[in-house]
Amino acid sequence: MCPMLHFTTAEGNRSPKPGVDERFAEELFVFRLLLIIIVLIVGYDAIVHQGAYTRDAWNSIVRLTGSSVEGARELGQRARE
């Protein structure tokens, strides 16, 4: 295991639970890998399709959150009545 992945306590001792450190390092690796994949996909879309797919996906997310907020408002108003 890489020494950079070990965490130390304030006293300079290694973490008492090395399994937790290994799991954290694994999750961090997966997160970074997914982030790199997303950046590559968005970059490809920007270069090849002038960002059309990214814009469509973003607009879909905006519409979805907008409808969720509107639904929550309506629910809150009905609860008050």
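Residues numbered from 1 in each chain as written. Predicted model: local features only at pLDDT ≥ 70, side-chain atom pairs only at ≥ 80, totals over all residues. Heavy atoms only, no water.

**Student:** Even after reading the chapter, I still don't get the overall build of the protein chain, so can you show me in this structure?
**Tutor:** Helix and strand content of the protein chain: two helices and zero strands. Counting only residues that meet the buried cut, the protein chain has 5% of its 81 residues in that class. (Helix = DSSP H or I, 4+ residues; strand = E, 2+ residues; numbered from the N terminus. Buried < 20%, exposed > 50% of the residue type's maximum accessible area, 1.4 Å probe, protein only.)

**Student:** Honestly, the pattern of salt bridges in this entry has me stumped. Any pointers?
**Tutor:** In a structure, side chains of opposite charge can pair up when their charged atoms sit close to one another. Within this structure, the stated rule accounts for one salt bridge. Residues Glu-70 and Arg-73 are paired through a salt bridge, measuring 3.7 Å at the closest nitrogen-oxygen approach. Taken together, the residues Glu-70 and Arg-73, both in helix α2 (residues 52-80) and three residues apart, mark about one turn of the helix. Of the residues examined, Glu-70 reaches a relative accessible area of 39% and is grouped as partly exposed. (Salt bridge = Lys/Arg side-chain N within 4 Å of Asp/Glu carboxyl O.)

**Student:** What is the right way to read unusual backbone geometry from this model?
**Tutor:** Glycine aside, residues mostly have negative phi, and peptide bonds are mostly found in the trans state. Within the chain, Gln-50 stands out as a residue other than glycine whose phi angle is a positive 55°. Position of Gln-50 relative to the elements: it lies in the loop between α1 (18-48) and α2.

**Student:** Would you take a moment to explain the environment of Ser-68 for this structure?
**Tutor:** Of note, Ser-68 is situated in helix α2. In this structure the side chain of Ser-68 is engaged in a polar contact, spanning 2.9 Å, whose partner is the backbone oxygen of Leu-64. (Polar contact = N/O pair within 3.5 Å; in protein donor to acceptor, adjacent residues only side chain to side chain.)

**Student:** What am I meant to see in a nonpolar patch on the surface here?
**Tutor:** A contiguous nonpolar surface patch, about 570 Å² in accessible area, is contributed by Phe-29, Val-30, Leu-33, Leu-34, Ile-37 and Ile-41. With respect to the element layout, Val-30 can be found in helix α1. (Patch = residues over 30% accessible without salt bridge, like charges linked within 9 Å, V, L, I, M, F, W, Y side chains within 5 Å. Areas by Shrake-Rupley, 256 points an atom, 1.4 Å probe, with all protein chains shown as cover.)

**Student:** Explain the side chain of Asp-45 here, please?
**Tutor:** For Asp-45, the position within the fold is in helix α1. It turns out Asp-45 is buried and unbridged, and the closest side chain with the opposite charge, Arg-55, is 6.8 Å from it. There is a polar contact of 2.5 Å between the side chain of Asp-45 and the side chain of Thr-54. If near-sequence neighbours (up to four positions away) are discounted, Asp-45 is found in contact with Gln-50, Gly-51, Ala-52, Tyr-53 and Thr-54. (Lys, Arg positive; Asp, Glu negative; His and termini not counted. Contact = heavy atoms within 4.5 Å.)

Shape descriptors only; they carry no functional weight alone.
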